[in-house]
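Listed below are the residues making up each chain.
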Amino acid sequence: MNDESNTSDRPREDEDRHAFAAEAHSLWRITFAPTVWALHFVLCYGLVSLSCAKELIPIATVQAVLTALSLLALAIIAWLGFRSLRQWRVLVTGQLEHPEGTPESRHRFLGHAAFLLSVISAIGVIFVSMPLILIGGCQ
Amino acid sequence: MPRSKARAAARPKALSAALTLPLLAGCEGAQSALAPAGEDAAVLATLFWVMLSGAVVLFLAMNGLFFYLTRIRVQAQSETVARWLIVGGGIVLPFVVISALLVWGLSILPDHRQAGDGLRIRVTGEQWWWRVEYWPEGATEPVISANEIRLPAGQRTELILDSAHVIHSFWIPALGGKMDMFPGRETFLSLRPTQPGTYRGQCAEFCGASHAWMAFEAHVMAPEAFDDWLAAQAGPAQTALSDAARRGAGIFTREGCGACHTIRGTEHIGVVGPDLTRVGSRTTLGAGRLGVSLDAYRAWITHTGDLKPEVEMPAYDHLSEAEATDLAQYLRGLE
């Protein structure tokens, strides 16, 4: 990240700074899919507790709401995954690795990381949702 | 194991076989999850064997692969092979296996709370014994017992579990999974034993000095026999006493045992310790600690704390041998 240190000529430094500023966004983006997973997790546990422990909401309502939320979470993660796959450009270039320390390489690496995080987040959402279907109540 | 016969001369093999055989015998018995005697335990035993078989296959496959790549085909592998191994063996296979196990596990998870056929048993964990109440369908008051569970075979019984002081765990491995007991909170367990017999239960959560001595016997009975037993259990204690037992009853009163123990039909109505109305009909003494011989009763009365460290009951070691014997006769006769 401190690639500015080994360059002395000004134009190159500015260029890198711009590239880095642009990259800061994709650095944020890699956190989106796990965040969706975390929110989904908290909502699942929270709503089920409100229904089964506090008996504030009927379990059927919770089940319907959480099923819809699960599908929404999966849709968002799928969209994030698709975007990061395009950023990675692996399907175009066929390159899985990013050994050069260029801005382009960093950009694609962040896409790669975001894609893998989307996959694990999708698996997390699916696993957390399974009891909704398989247990189907407060047992 | 035929291999021990084939190569009796190969000492390590013979030795390992000799060491394995007694271990296999440990799979049988009154307290084994691998010798299921009920529907619920059978499901868990199947789960165990499937997971064990899967683990053995994975173990052999992993080590076989390791052996193959380090001993048989030692040259460098192409990147494609390596990538397929990592993605297939490291991501896809574990995902599929774990998902399948999760689906199976979740599908059997609600079973421990299945509705029963009528009988409910409330069990409370004490230091270190079990307070037991039978609530047959429609009952307005329970039949009280302790340190023993009796269940009708072929029927599903609901157990409501609770604890008085600390966390315990109720577990009859041959009949089903275990369930923790929490002070101030009820948990549930539903069991459907299928084979009549005597099984052993054990507290499965460390609960203090005598945790290991907190056990009980679970008797699975034919439904008619169970109904007869429960009807007999409900009444007051028996009054036809031998001379020795009559003297023992006097000692029971004199020593103030009734402050902690109930014997229905007498003036003794203490609820600190186990109900002794039919203690003589139980098959263990001191919550699975001792057998039920006269000597066992005497030992329990006079050496309580030695047999069960930190137990609340004081040892009545000031009683003469004759008095202890009379008291033992009285209690043992309460069938």
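Residues numbered from 1 in each chain as written. Chains lettered and ligands numbered in written order. Predicted model: local features only at pLDDT ≥ 70, side-chain atom pairs only at ≥ 80, totals over all residues. Heavy atoms only, no water.

Chain B appears in an unreviewed UniProt entry as Cytochrome aa3 subunit 2 from Pararhodobacter marinus. Word for word, the UniProt comment on chain B under Subcellular location (unreviewed entry) is "Membrane". (UniProt positions renumbered as here; feature names shortened; annotations may be inferred.)

Trainee: Break down the overall build of chain B for me, with residues and values.
Mentor: A count of helical and extended segments in chain B gives 9 helices and 10 strands. The C-alpha radius of gyration computed for chain B amounts to 26 Å, which surpasses the reference 20 Å derived for 335 residues by more than 25%, pointing to a less compact arrangement than a globule. In terms of its C-alpha atoms, chain B occupies a principal-axis envelope of roughly 90 × 55 × 35 Å. When the 335 residues of chain B are sorted by exposure, 39% land in the buried category. When contacts within chain B are restricted to residue pairs at least 6 apart in sequence, long-range pairs at least 24 apart make up 61% of them. Per element, the accessible surface of chain B, about 17600 Å² overall, is 63% carbon and sulfur. Across chain B, 28 positive and 33 negative side-chain charges occur, with their mean positions spaced 13 Å apart. (Helix = DSSP H or I, 4+ residues; strand = E, 2+ residues; numbered from the N terminus. Rg over C-alpha atoms; globule rule 2.2 N^0.38 Å. Buried < 20%, exposed > 50% of the residue type's maximum accessible area, 1.4 Å probe, protein only. Contact = heavy atoms within 4.5 Å. Areas by Shrake-Rupley, 256 points an atom, 1.4 Å probe, with all protein chains shown as cover. Lys, Arg positive; Asp, Glu negative; His and termini not counted. Charge placed at Lys NZ, Arg CZ, Asp CG, Glu CD.)

Trainee: Could you give an account of the UniProt feature "transmembrane region" (unreviewed entry) in chain B, naming the residues involved and the relevant values?
Mentor: Residues and elements named next belong to chain B. Those places that UniProt annotates as "transmembrane region" (unreviewed entry) correspond, in this numbering, to residues 47–69 and 81–106. Between the first and last C-alpha atoms of residues 47–69 the distance is 33 Å; the span itself is 100% helix and 0% strand. For residues 81–106, the helix share is 100%, the strand share is 0%, and the end-to-end C-alpha distance is 35 Å.

Trainee: Describe the state of the cysteines, listing the residues and the values that go with them.
Mentor: Residue and element names in this part refer to chain A. Using the criterion set out here, one finds 1 disulfide over all chains in the structure. Two residues, Cys52 and Cys138, share a disulfide whose sulfurs are 1.9 Å apart. With the S-S dihedral at roughly -80°, the linkage between Cys52 and Cys138 falls on the left-handed side. Placement of Cys52 in helix H2 (residues 32–52) and of Cys138 in the segment after helix H5 (103–134) is noted, with a sequence separation of 86 residues between them. You can call Cys138 partly exposed: its relative accessible area is 37%. (Disulfide = S-S within 2.5 Å.)

Trainee: Please set out helix H3 (residues 39–72) of chain B residue by residue, giving values where relevant.
Mentor: Residues and elements named next belong to chain B. The end-to-end C-alpha separation of H3 is 48 Å, in line with the 50 Å expected for 34 residues at 1.5 Å each. Burial in H3 covers these residues: Asp40, Ala41, Ala45 and Leu47. Buried residues belonging to H3 abut helix H4 (79–108) and strand S8 (187–191). (Expected span 1.5 Å × (residues − 1).)

Trainee: Describe the interface of chain A and chain B, with residues and values.
Mentor: Interfaces are often described in size by the accessible area the parts lose on coming together. Contacts between chain A and chain B engage 10 residues on the former and 12 residues on the latter. Carbon and sulfur atoms make up 84% of the area that chain A and chain B hide from each other, which totals about 990 Å². Applying the counting criterion to the chain A and chain B interface returns 0 salt bridges. There are 0 residue pairs in polar contact (both at pLDDT 80 or more) connecting chain A and chain B. Its residues placed into classes, the side of chain A that touches chain B shows 8 nonpolar, 1 polar and 1 charged. (Buried area = accessible area lost by both parts, 1.4 Å probe. Salt bridge = Lys/Arg side-chain N within 4 Å of Asp/Glu carboxyl O. Polar contact = N/O pair within 3.5 Å; in protein donor to acceptor, adjacent residues only side chain to side chain. Nonpolar A, V, L, I, M, F, W, Y, C, P; charged D, E, K, R; others polar.)

Trainee: With reference to specific residues and values, describe the packing of H2 of chain A against H5 of chain A.
Mentor: Residues and elements named next belong to chain A. The geometry of H2 relative to H5 is characterised by a closest axis approach of 8 Å and an angle of 10° between their N-to-C directions. Viewed along their axes, H2 and H5 adopt a mutual orientation that is roughly parallel. Facing Ala33, Pro34, Trp37, His40, Phe41, Cys44 and Tyr45 of H2, the residues of H5 in contact are Leu117, Ser118, Ile120, Ser121, Gly124, Val125, Val128 and Ser129. Of the residues belonging to the contact of H2 with H5, the class tally is 10 nonpolar, 5 polar and no charged. (Axes fitted to C-alpha atoms, helices over the stretch in contact; angles between N-to-C directions. Parallel < 35°, antiparallel > 145°, perpendicular 65-115°, else oblique.)

Trainee: Tell me about the pattern of salt bridges, and name the residues and values.
Mentor: Residues and elements named next belong to chain B. If you walk through the whole model with that rule in mind, you get 15 salt bridges over all chains. Put simply, Arg120 and Glu158 hold a salt bridge, and the shortest N to O gap is 3.0 Å. In this pair, Arg120 is assigned in strand S1 (residues 120–125) and Glu158 in strand S5 (residues 157–163), connecting sequence segments 38 residues apart. Given the relative accessible area of 35%, Arg120 is considered partly exposed. With a shortest N-O distance of 3.3 Å, Arg264 and Asp275 are connected by a salt bridge. With Arg264 in the loop between helix H6 (243–254) and helix H7 (294–302) and Asp275 in the loop between H6 and H7, the pair connects residues that are 11 residues apart, well separated along the chain. Residue Asp275 is classed as buried on the basis of its relative accessible area of 8%.

Trainee: An account of the packing of helix H3 (residues 59–88) of chain A against H5 of chain A is requested, with residue identities and associated values reported.
Mentor: Residue and element names in this part refer to chain A. Running from N to C, H3 and H5 cross one another at 165°; their axes reach a closest spacing of 8 Å. Taken as axis vectors, H3 and H5 run roughly antiparallel relative to one another. For the crossing formed where H3 meets H5, the hand is left-handed. Here the residues of the contact of H3 with H5 are counted per class, giving 14 nonpolar, 12 polar and 1 charged. (Left-handed = near helix turned anticlockwise from the far one by under 90°.)

Trainee: Tell me about unusual backbone geometry, and name the residues and values.
Mentor: Cis geometry is adopted by the peptide bond preceding Trp128 of chain B, which originates at Gln127 of chain B and carries an omega value of -10°. Along the chain, the position of Trp128 of chain B falls in the loop between S1 and strand S2 (130–135). Although it is not a glycine, Glu55 of chain A sits at a positive phi angle of roughly 55°.

Trainee: Explain the nonpolar core to me, using residue names and the numbers behind them.
Mentor: All names here are of chain B. In terms of nonpolar packing, the biggest core is built from 36 residues, with Ile121, Val123, Trp130, Ile149, Phe170 and Leu175 touching the most fellow members. Counting residues per element, this core draws most heavily on strand S10 (residues 215–221), at 4 residues. Setting aside anything within four residues of it in sequence, one finds Ile121 in contact with Val132, Glu133, Tyr134, Ile149, Arg150, Leu151, Thr157, Glu158, Leu159 and Ile160. Counting 25 residues, the second-largest nonpolar core is a separate cluster that includes Ala237, Tyr297, Leu319 and Tyr330. (Core = buried A, V, L, I, M, F, W, Y, C linked by side-chain atoms within 4.5 Å.)

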